[in-house]
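Residues per chain are reported as follows:
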Amino acid sequence: MPSNIKHLGIVESINGTRLKVRIEQTSACAACSVKQHCHVPESKEKIIDVCNPQGVVCAVGQKVLISGTTAMGMKAVLLAFVFPFLVLLLALASVLHLTHNELVSALAALGALVPYYLIIYKCRKRLNRSFIFRLENVV
């Protein structure tokens, strides 16, 4: 059984079974005893699209609990960090091997990320179907 990541949020808008929920994303620093001496921002707000196929009754401004699987989080990390890093390294090593010019290799490696992010952009609708957050009752 996959474990879930849960966040408490506030409903911003409702459109049928789709809701926009505002959550506060907090850092690990929130529980730190010396956080008042640190200048790292502790939290920021995010708007998340949530599916409500069960028809959980809610209204705009109401607190709700949303959940997603940890597998979704891992997939997001792969797509956002790991794969681009691998594309960057492979392009850098390949072009450096061919040209022996570090500047050209670095620019080519950065340029190799453009097609990657264009592919991610073109596949955004399919990715949206795989990143589905569910609404749960607040207990």
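Residues numbered from 1 in each chain as written. Predicted model: local features only at pLDDT ≥ 70, side-chain atom pairs only at ≥ 80, totals over all residues. Heavy atoms only, no water.

Describing helix α2 (residues 102-122)
Since the α-helix turns once every 3.6 residues, residues separated by three or four places project in the same direction.
Logical step 1: With 21 residues, α2 should cover 30 Å at 1.5 Å per step; its first-to-last C-alpha distance of 31 Å lies within 8% of that length.
Logical step 2: All of the buried residues along α2 are S105, A109, L113 and Y116. The buried residues of α2 occupy an angular sector of 90° when the element is viewed end-on, so they sit on one face. In α2, those exposed residues whose orientation departs by more than 90 degrees from the buried face are L103, L107, L110 and K122.
Logical step 3: Those residues of α2 hidden inside the fold are in contact with α1 (70-99).
Logical step 4: Capping the start of α2 is the job of one residue whose side-chain oxygen sits 3.1 Å from the backbone nitrogen of L103: N101. (Helix = DSSP H or I, 4+ residues; strand = E, 2+ residues; numbered from the N terminus. Expected span 1.5 Å × (residues − 1). Buried < 20%, exposed > 50% of the residue type's maximum accessible area, 1.4 Å probe, protein only. Arc of directions from axis to C-beta. Contact = heavy atoms within 4.5 Å. Polar contact = N/O pair within 3.5 Å; in protein donor to acceptor, adjacent residues only side chain to side chain.)

Notes on the nonpolar core
Logical step 1: Within the largest apolar cluster, 11 residues are counted, these being V11, L19, V21, I23, I48, V50, V56, C58, V64, I66 and L135.
Logical step 2: Secondary-structure elements contributing two or more residues to this core are β2 (18-26), β3 (43-51) and β4 (63-69).
Logical step 3: Ranked by residue count, the leading element in this core is β2, at 3 residues. (Core = buried A, V, L, I, M, F, W, Y, C linked by side-chain atoms within 4.5 Å.)

A closer look at the packing of aromatic side chains
Logical step 1: Here the structure, examined in full by the defined rule, presents 1 aromatic pair.
Logical step 2: Stacked on the ring of F131, the Lys or Arg K75 has its end atom at 5.5 Å from the ring centre.
Logical step 3: Positioned above the aromatic ring of Y121, the side-chain terminus of R124 is 4.0 Å from the ring centre. (Phe/Tyr/Trp six-rings, centres within 6.5 Å; stacked < 30°, edge-to-face > 60°. Lys NZ or Arg CZ within 6 Å of the ring centre and 35° of its normal.)

Some points on the environment of T99
Logical step 1: Tracing the sequence through the fold places T99 in helix α1.
Logical step 2: With sequence-adjacent residues up to four places away left out, T99 is seen in contact with V104 and S105.
Logical step 3: A distance of 2.8 Å separates the side chain of T99 from the backbone oxygen of V95, its partner in a polar contact.

Description of the pattern of salt bridges
Any two side chains of opposite charge can pair, given that their charged atoms come close.
Logical step 1: Enumeration over the complete set of coordinates arrives at 3 salt bridges.
Logical step 2: For the salt bridge of D49 with K20, the shortest nitrogen-to-oxygen distance reads 2.7 Å. Of this pair, D49 sits in strand β3 while K20 is found in strand β2, placing the two residues 29 residues apart along the sequence.
Logical step 3: Looking at D49, the relative accessible area reads 39%, which means it is partly exposed.
Logical step 4: With relative accessibility at 36%, the residue K20 sits in the partly exposed group.
Logical step 5: A salt bridge links E45 to R22, with the nearest nitrogen and oxygen atoms 3.4 Å apart. (Salt bridge = Lys/Arg side-chain N within 4 Å of Asp/Glu carboxyl O.)

Here's the deal with the pairing of β4
Logical step 1: Taken across its 7 residues, β4 has 5 buried, putting it largely inside the fold.
Logical step 2: As defined by bridge partners, strand β1 (residues 4-15) adjoins β4 across 7 bridges and the pair is classed as antiparallel. Residue H7 lies in a different strand from β4, and its bridge partner there is I66.
Logical step 3: Both β4 and strand β5 (residues 133-136) contribute to a ladder of 3 bridges, which runs antiparallel. Bridged to S67 within β5 is R134. (Pairing = 2+ DSSP bridges.)

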